[in-house]
Structure formats: C-alpha cells, structure tokens
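Descriptive structure summary
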Amino acid sequence: MPMEKTFDAAKAEARIYAAWEAAHAFRAGANASRDETFCIMIPPPNVTGSLHMGHAFNNTLQDILVRWHRMRGFDTLWQPGQDHAGIATQMVVERELAREGKSRRDFTREEFIARVWEWKAKSGDTIINQLKRLGASCDWSRNAFTMSGAPGAPAGEEGNFHDAVIKVFVDLYNKGLIHRGKRLVNWDPHFETAISDLEVEQIEVEGRMWHFKYPLAGGETYEYVEKDADGNVILRETRDYISIATTRPETMLGDGAVAVHPSDERYAPIVGKLCEIPVGPKEHRRLIPIITDDYPDPDFGSGAVKITGAHDFNDYAVARRHDIPMYRLMDTRAHMRSDGLPYAEAAEIAQKLARGEITLSESEIDALNLVPDDLRGLDRYEARERVVEQITAEGLAVTVLKKSIDPETGAEHLERVPFVEKNRMMQPHGDRSKVVIEPMLTDQWFVDTAKIVEPALEAVRRGMEAHESGTFDETAGYTRILPERDAKTYFHWLENIEPWCISRQLWWGHQIPVWYDEQGNQYCAPSEEEARRMAGPDARLTRDPDVLDTWFSSGLWPIGTLGWPEETEELKKYFPTDVLVTGFDIIFFWVARMMMMQLAVVGQVPFHTVYVHALVRDEKGKKMSKSLGNVLDPLDLIEEYGADAVRFTLAAMAAMGRDLKLSKDRIAGYRNFTTKLWNATRFAEMNGALRRDVGGDAATPPADVRHNVNRWIIGEVARARMAADESLDAFRFNDAANTLYAFVWGKVCDWYVEFAKPLMDGEYGAETRATMAWVLDQCYILLHPFMPFITEELWGLTGDRGKMLVHADWPEWGAGLIDAEADREMNWVIGLIEDIRSARAQMRVPAGLKLPMIMTAIDDRGRAALTRNRPMIERLARIEGITEGAAPRGAITIAVEGGSFAIPLEGVIDIGAERARLSKGLEKLDKDMQGLRARLSNPRFVESAPEEIVEETREKLALAEDESAKLKAALSRIAERA
C-alpha cells in the first residue's frame, strides 16, 4: 500500500505511543546488549502539575539521551515519578472543599488526607499523560510517588518511599544532625506554614516609607550635623530624638534596638544611649539601645535602622550578632497576637529584661506579647494604619513643609505634614497563595547542613577539576556541573549554607516522626509503637503535627525510587545514576540537597553529571509569563505542529548556557523538516528504493558501490553519525540536532536525491536504490532520539523490520566508510553549484533563466570531475552549455579548487546599477555595524543592560558581518570584470 501524501501527526502519535507501550519498549533493560547501564532520574513534577514549556524542554533533552543510550544497547532506565507537592496539593483539595461549602477544619486529619488520596487517584496522572504526548520514553511501570507507602495510602500506592523518608529523618536525628529550634522563616499567612525561598516570588508594588521620631530617654539632646560630599556643613540642629524610616510601622512594637553604621558621625554622640519606641500607652513604652552595626547604610533614609529581629531577615542577623531579644508580634494568620499576658505586664517584663534585671529563655521571650491591648487581634494592615495614626497624633512623625495654593484667593499656604515617601519596592509573595509573606520567628525542624555539606562540596570540586583538565571519569565518585558557570551557583549556596528548615505546618505530607510526653521530652522513632517503648508504658504521647518539606523527601529521589533502604536489584544496578537534567533555579533547592542527602545516607554521589539547561523565553528574549500574555503552551504547539517539530526545535536551540528564544516560526520550520524527510521517502518509494524493495538490513552499508555519488553519501552518513555522537556525548544537543538537520535536509533530501535521479536507470540503478534505502534507514535511526514519532512511522512503512525503531541498533561504523576521492569530487561539484547559485542570487538573475558558462582555467582533477558530473551541474545550476575560453567583459567569476569559471551577464542585468545597489547596501551595513560594535565595546552597556538585549545585539552584529561578507564578495566579482 503506497504511503500517504503527508504525515498526520495528530492521528499517528497516539497510535505509535500505544504500540511502544504495548511492546514494553521503555522498560528498564529493554534492548540491552551490553553490560553498561544508563540511568536518568526525572525531576519529579508536582502531582498537581500540567506540562509547561520548561517541562517540555527538560524532558525532551532527557528523552534524547535515553533513546540514544537505549538504541546503543545500554541497560537503560529513565525513572519517572511525581512529587506530592505539599502546599500545592493541599491547596487544590481545599479549593474543592470550598466549592462544597466546607473547609479542611471540618475534617479530621485522617479524613482530609483520605480526600487528598481520592483527588490523586482521579487527577494525579494528568502530567504523566501529557509527557506521553511529548514522546517521553520513561519506564512507566516503575512510576514513583514521594508519598507511596504513607499511612492511609490506598491500594496501588504501597511503595516504600515513605519508609525511606522516615528512616533518614530518624537516622539524622539520632546522629544529632536534625534539631528543633526557633529561627526566622518565610511564613505564608494564607496556608499558615513556613515555606522555602523557592516558593516566594518577589513582586514590585507601590510602597510607602514612613519617617518617625524615637525620643531619646530622659529628654536627652545632641547636636545633629549633616555634611555634603565635600565635608561642608549643610544642616546643624539640636535633636532630642533619632529618626528612622520604615515600610512596616506595625512591627515597631517588637523593636529591640536602633542601629547606625559605625562610621556615621551624625549619631556618634548617642551610640550606647537609649531611645523610646514611639507607640503604645505612654506609661508602658519600652526603651531600646542605640547600637552600631555594619548593616545600616548611612546614605539610605536617615541612616538609622530599627531592629525587629522576629520580623525581618536582616534585622534577625543583627539581633543575633548583638544578643538583642526578638519579640514575635503576629499569629499564624498575620494578625496581631491576642494571646498571653496583658500588655502592661508584658511590657514591664520586657523592660526589666532590657535593664538587665532578669534573664529569660528563648521560649519565655517568645511568650511575651508586646502588642498593645487596643491593637490585639487586628489584621497586620489594619494595625499598621492605627500605629501611623497614633504616632502622628502624638507629634512623633517626622514632618516636611508642603506648599499648597488656595484655589479661591491664590494665596500660598505652607504647612507641616508627615514625611511619607512613595516608592516602588519588591515585596515577597507566596507563589501559590499570592499573599504577602511575613518573616516569622517560629519553632521549626532544621537539618544542620553545615555538618553534612563538605562532602557535597568536595565531590563537585573534584569533578570540576577533572572536567577542566580533560580527565573526567564517570566512575570516579565525583560530580561535574555543566555548564561550568552553574557550578559557581552551587558553590555559592553551599559555601554560605544556613540550617535547612524542613518542617511545614500542613496535613498533607510525611508527618514528623517525633512524639512528646507531657514534660516536652522528644522521642524520635519510625513508629508510634517504637516511641512508646522508648518513653515507657505510662507516658502520654502526642505526635508532632508538622510534616516534612517536600524538598526533604525529593532530596532522596535517586535512592528512594530504586527501593532503598531495601537492597533491591535496581538499586545495585542503577545507582549511582548517570545524568541529571534540570533547571538552574533548583540547583540549591534540589541538586545540592540530593548531593548532601545521598552522601550523608549512603556515602555516594547520586549522579556523575548535572546538565543545567537554560530558560525558554519568547522570541524577543522575554521571560514567559501570563501577565505578559507571551506564554506558549507546549500541548497547543504539539496539537498544531506535532510533537516531533516541537522536540526538534527545543533541541536545535539548546545551546549550553544560553536561553532559548522560542517562536512559532521556528517550530513551523522544523515541521517542514519532517515533511522534507517524508517526501524524500515517498520519492524513494516511487523509485523502488526502500528497504522493502531492495532487501538486506539497515545495519550493513551496501557492498561494492562504484559511483562516486553513492560512495560520497555513504561517507556523509558516517560523518553525521560521528558528529552527532560526539555532540551528544558532550551534551551539545543543539550541535547534534543542527548536524543532523544539515545532513538530512541538505546532503540527503536536496543533493543526494537530485544526484540520484539520473542514476536510477542504467548501470548504477541497483546500487543507487540500495544506497538510498540504506541512507534513509540511517536518517530514521539518527533522527529517532529527536523526532521519535515520524521516524518510527517511516521505519515501519518502509520495510519488514525485526523490531521497532525504538530498539533499532545504533550504528557504530565511522571514518572507514568515507571515500576520500568521492568526497573530494562531490564536494567540488556541490561547491561549484552553490557558488553559481549564490552569484546568480546576488546579481538578481531571474531564477528560471538558463545562462552559458565559460571555463577559464581548470586542472586535471577538476576537468575529470566536471566531465563525470556535467549533466548534474548544468541541470542544478541552470547552466546552458559550458565552453572554454577567456572571461568577457560584464561577466562574473566563480573560483573553485583547481580552476575558475565565468558567467556572462552583459545584456542580462545592469552591471552599473547592481554595483551601486551593492555599494549602498554595504555602506548602510558598515554604519550599522559601527553602532553595534560601539555598544558592545561599552562596558556599561555589557554589564548593565539585560542579558537578552546584549545577546540580541551580538546576534545582530554577527548577521550584519555575514551579510557584509556576501556583499563584498559580490562587489569583488563585479569589479574583476567591469
């Protein structure tokens, strides 16, 4: 049955994927023919997730590596799975409950978790099905989930990942590497939980900065002097206060000090003295010290900074350095606290602490509620307005003169008004709740990462040294990060690491395996029964309600998915894994933590190579975002262009370390590439040049090939295979894709198909058909990792195969197939045809016009090549007859190796007009290039302009230089004969 005229991706892709799954084509070890293993762990998408462009990019690159290794006979495993995504999943389920008029609090913890499992069973496979549409060849029979085996897990979720997570927590706790303590964390008031930095997004908002006076204790005064940059006094006055500026007045109630820079001479007279917090009942106001610290910037605001250690990360660091008490002002909903002692009593205790009359433990300080009684229970923003009103009413707001004009009399009126600056500021928001994040001092569980970080640092130091010296060994037990610049990010995070907050105040997740007795003693155990044995038969135990941060469980992904702590065959075979393909934004949150955790738990690195891909941006280089309306949905693109075109586009643009600028035009262009391959196959079908027509198999090149055209293309296949392998081995996906594109489109579909047409009949017909069948087979094989669907379809249509293309043998032959003489001759012919075409285009010769050509000089090799290939040259270059002689006036010259040719243009085009056009175009280009070079040579532009703008400027210059070279060549051709 003849092939269809076109490949219908929409119909074929689902059918082909189903056939792969039915054949168990992706199972671990499928098609293995060698001892070496190759294992990739998928970065687990959230179970709530759906496929976005980053997923499509990341998984396309993984699939290319996996299919390439599987076809090469490696025992291959691409381990899939999903993260339970604590906050995201709980949010989805709570929204479902809200639609029913219910909330989480209407259920017991166990009932709510059961609802989450119900949701997971119903909707949790969404992203799996979407990855299948992309063509991801994961071993879905091994699909993992970070909550498998947890209490309450339904049938089908019996895995042991939960056991692994709990075991690691208990082991690290017993080694003294996990502890509970009070530290400042990002707090989401909507979900009422701590969150990681990765779950915080900075959003620019219109903010306000209020300036207030903190009166000096006892009415003390000092001489305040301001000077300009030259040391001249510009302001001198006596003050009985110190001025501070704040964007969050409600937090003033928890101030522990006011800090100034040690070099700030304005405040030197009052350092060490006390000032009064200007809010709350006058008789209970606290006095706080004025201290020095390097944190305040003398040139920002007043140069004095209030230190509220319980509600600001910078203040927290200052408070710890100076042993300043930190008072928590808000509850879990970011309302002002309403618990504890009455304000008068709490303020008195705090004042005694400040005077050194008493000492308090950390928990006793946290219990003090320093929110005045009239503000207790208010939302933080309502409290902010009240605080501002109270301070202003008391005259303790810094004021400035404001001029206004009376609209009736035109008289000028001056009055003093509170000094409030409006400014654009970056404000942290929860990426899921969208509410403003509140830094909060809370009790959390922490991993003492400083004690486990060094092996993770040393492993990458050794790996990078080996990589840079060219001695990298995949089995040496170290890890490299590519591109090299991302290793710097890794080192920066780990060399400045802080304790890792691993607890979350949620219900969905791995519950902390710690129980407390009535005295607060802790019992860490893998089960409640074990905890009771530790505590004694009479102890009344309560389990810690918090769950573990999802990054803790996903940090165990490499070993957890392979069955650890059991000594499974998969763990023995595939761990350590080989390559991790991931995004730069989770180098610290996931990559570094996997390194630390695996080294701490099993003493091995989890992978030898981390390939960090860049961002997918829009065609103008802007980051995709819903607010900009420039988001491209990969599923929509697959629907419109087919998965192969989307995948090939992503691979072809995946230059290491460079963001990808994606446009629909590029994807459409690569869809045309699939059409080109399809049409070349149809041409072969019409000429009896498919595998089913000629017999044999794809593994063996045709024997006894005589014609240079066929010997040349066999050598080109070898070159493409070697170049693609070299590029993939170095993770240069774009180089591999572009090599194959140039080979398949240019060498095969264009040149070889055209060269083969006159050879199909006659003495070289049989060998040409056999060669074409073999070449097309190699195209399918080499392209399969990049474009799996159309290549699998063509493989099945063109012959009776022993196995599907997904398991076809990757070729190993190489330079031995290259015929130097055939290579030289055919490249000489191609070069001559391309030069003629280029010259015609530059001179704007009508495309259909045939022109005579004069051979002005030629050596013996060139003459022989011309003689053997003259009909092809004349047909493809649109030449009508070739004669020997001198070049006439008004001709353009074509130089080739060993000779030259001339094409008369007199009477065909206006030579003078062409020279003027080319000169004018060159002059404009030169001017443009001068401007572009000036911008790029300006250090300020290169350093301060957005990266995408600098890169775009470089690209424009490169294109201009290329066009300039072409115009100069054209002018040179004209100048020679004018």
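Before reading on, note that the structure itself is shown above.
Everything in this summary refers to the structure shown in the same document. Because the structure is predicted, anything quoted here is derived from the model rather than measured.

Further remarks concern the sheet that holds strand E7 (residues 200-215). Strand order in the open sheet formed by 3 strands is E10-E7-E17, and the pairing between neighbours is antiparallel. Only two strands of the sheet have a single partner each, and these edge strands are strand E10 (241-246) and strand E17 (420-430). For this sheet, the mean inter-axis angle between neighbouring strands, taken without regard to orientation, is 30°. Where E7 lies against E17, 11 bridges are found, and the strand directions are antiparallel. Paired with Val-205 across the strands is Met-425, a residue of E17.

This paragraph deals with the pairing of strand E13 (residues 287-292). Of the strand pairs in this sheet, strand E11 (residues 257-260) and E13 are connected by 3 bridges, and their pairing is parallel. Directly across from Val-260, in E13, lies its bridge partner Thr-292. In this sheet, E13 lies alongside strand E12 (residues 274-276) in antiparallel orientation, the contact comprising 3 bridges. Within E13, the residue paired with Glu-276 across the bridge is Leu-287.

On to the packing of aromatic side chains, then. Under the counting rule described, the total for this entry stands at 34 aromatic pairs. Here Tyr-224 and Tyr-267 contribute two aromatic rings whose centre-to-centre distance is 5.9 Å and whose plane-to-plane angle is 45°, an arrangement assigned as tilted. Here Tyr-224 is found in strand E8 (residues 222-227), whereas its partner Tyr-267 is found in the loop between E11 and E12, with 43 residues between them in sequence. What makes Tyr-267 buried here is its relative accessible area of 0%. Taken together, a centroid distance of 5.3 Å and an interplanar angle of 50° make the contact between Phe-472 and Tyr-478 tilted. Overall, Phe-472 belongs to the buried group, its relative accessible area being 19%. On the accessibility criterion, Tyr-478 (8% relative accessible area) is buried. Taking NZ or CZ as reference, Arg-67 lies 4.5 Å from the ring centre of Trp-20, over its face. A cation over a ring is seen here: Lys-213 above Tyr-241, with NZ or CZ 4.8 Å from the ring centre.

In this fold, Ala-730 is placed in the loop between helix H22 (708-729) and helix H23 (733-756). Under the relative-accessibility criterion, Ala-730 is labelled partly exposed at 28%. Separated by 580 residues in the primary sequence, Ala-730 and Ala-150 place their C-alpha atoms 40 Å from one another.

Moving on: the pairing of E7. One ladder, built from 6 bridges, connects E7 with E10; its direction is antiparallel. Bridge pairing in E10 links Trp-210 to Thr-246.

Moving on, we come to helix H19 (residues 643-652). In an α-helix, one turn spans 3.6 residues; hence positions three or four apart end up facing the same way. For H19, the tally of buried residues reaches 10 of 10 residues, placing the bulk of the element in the interior. Among all positions in H19, only Ala-643, Asp-644, Ala-645, Val-646, Arg-647, Phe-648, Thr-649, Leu-650, Ala-651 and Ala-652 are buried.

Taken together, the side chains of Asp-473, Glu-474, Glu-726 and Asp-729 define an acidic patch exposed on the protein surface. Position of Asp-473 relative to the elements: it lies in the loop between helix H11 (453-469) and strand E19 (480-482). Exposure remark for Asp-473: the relative accessible area of 35% places this residue in the partly exposed category.

A few words now on the pattern of salt bridges. The tally for this structure, following the rule as stated, stands at 79 salt bridges. Here Glu-518 makes a salt bridge to Arg-540, at a shortest N to O gap of 3.7 Å. With Glu-518 in the loop between strand E22 (514-516) and strand E23 (522-524) and Arg-540 in the loop between helix H13 (528-535) and strand E24 (542-543), this pair connects stretches of sequence that are 22 residues apart. With respect to class, Glu-518 is no different from Arg-540; both count as exposed. Its salt-bridge partner being Glu-961, residue Arg-933 comes within 3.2 Å of it at the nearest N-O pair. You can see Arg-933 sitting in helix H28 (residues 911-936) and its partner Glu-961 sitting in helix H30 (residues 947-977), a full 28 residues away along the chain. Given a relative accessible area of 39%, Arg-933 falls into the partly exposed group. Several salt bridges converge on common partners, so that one network encompasses Glu-100, Lys-102, Arg-115 and Glu-118.

Before going further, it helps to spend a moment on empty space enclosed by the protein. Applying the stated rule across the entire model yields 4 cavities of 30 Å³ or more. There is about 50 Å³ of room inside the largest cavity. As for the largest cavity, its lining consists of Leu-253, Ile-277, Val-279, Arg-286, Tyr-343 and Leu-370. For the lining of the largest cavity, the residue count by class is 5 nonpolar, no polar and 1 charged.

Definitions and cut-offs
Residues numbered from 1 in each chain as written. Predicted model: local features only at pLDDT ≥ 70, side-chain atom pairs only at ≥ 80, totals over all residues. Heavy atoms only, no water. Pairing = 2+ DSSP bridges. Helix = DSSP H or I, 4+ residues; strand = E, 2+ residues; numbered from the N terminus. Axes fitted to C-alpha atoms, helices over the stretch in contact; angles between N-to-C directions. Phe/Tyr/Trp six-rings, centres within 6.5 Å; stacked < 30°, edge-to-face > 60°. Buried < 20%, exposed > 50% of the residue type's maximum accessible area, 1.4 Å probe, protein only. Lys NZ or Arg CZ within 6 Å of the ring centre and 35° of its normal. Patch = residues over 30% accessible without salt bridge, like charges linked within 9 Å, V, L, I, M, F, W, Y side chains within 5 Å. Areas by Shrake-Rupley, 256 points an atom, 1.4 Å probe, with all protein chains shown as cover. Salt bridge = Lys/Arg side-chain N within 4 Å of Asp/Glu carboxyl O. Lys, Arg positive; Asp, Glu negative; His and termini not counted. Charge placed at Lys NZ, Arg CZ, Asp CG, Glu CD. 1 Å grid on protein atoms, 1.4 Å probe; cavity = no way out; pocket = protein on both sides within 12 Å on 5 of 7 lines; lining within 4 Å. Points joined across faces, edges and corners; volume = space filled by probe spheres on them. Nonpolar A, V, L, I, M, F, W, Y, C, P; charged D, E, K, R; others polar.

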